[in-house]
Amino acid sequence: MTKKIAVRTAIASAVIAPAMVFAGGTAAAVPALSVTAGTTGEVTVTVPAGENWTCFGFDSGFNFKTGAFAPGVGKLSGFAKGSNVTVFCFGGTAPFFFTGSVAVK
């Protein structure tokens, strides 16, 4: 039993470690999250030039929203007023993965 756990741990480390290195990437290539001024329950995703990102967001009320964004400003709407929204984004260029959280009004 102990050998099986050790083997599984070694395999998981071999898979996860390279992914963590690639995820470091360039910090300038990730989207920025903000709260959209004058709206309720909306998160603005600002995508850097030359990038495309697919984002998934959910709030504490388990409202789930998704969107695919080209360079510029995209929005995820329909979250509960006053909730914290966690957003996960996946892109085609390093760092390939971004996560952030913002409180919506």
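Residues numbered from 1 in each chain as written. Predicted model: local features only at pLDDT ≥ 70, side-chain atom pairs only at ≥ 80, totals over all residues. Heavy atoms only, no water.

With respect to the overall build of the protein chain
Across its full length, the protein chain carries 1 helix and 7 strands. Across the protein chain, helices and strands are ordered from the amino to the carboxyl terminus as α-β-β-β-β-β-β-β. Taken over 105 residues, the protein chain has a buried fraction of 28%. Taking the contacts inside the protein chain whose residues are at least 6 apart along the sequence as the reference set, 48% of them involve residues at least 24 apart. (Helix = DSSP H or I, 4+ residues; strand = E, 2+ residues; numbered from the N terminus. Buried < 20%, exposed > 50% of the residue type's maximum accessible area, 1.4 Å probe, protein only. Contact = heavy atoms within 4.5 Å.)

Focus on unusual backbone geometry
One non-glycine residue, Phe62, lies in the positive phi region at around 65°. The residue Phe96 is not glycine, and still its phi comes out positive at about 70°. Following the sequence through the fold, Phe96 ends up in the loop between strand E6 (84–91) and strand E7 (97–103).

Some remarks on the state of the cysteines
For the coordinates displayed, the defined rule picks out 1 disulfide. Through a disulfide, Cys55 is tied to Cys89; the S-S separation comes to 2.1 Å. Taking the sign of the torsion about the S-S bond as the criterion, the disulfide between Cys55 and Cys89, at about 110°, is right-handed. A residue pair is termed long-range when its members are at least 10 positions apart, and Cys55 in strand E3 (residues 53–59) and Cys89 in strand E6 qualify at 34 residues. Each member of the pair Cys55 and Cys89 is classed as buried. (Disulfide = S-S within 2.5 Å.)

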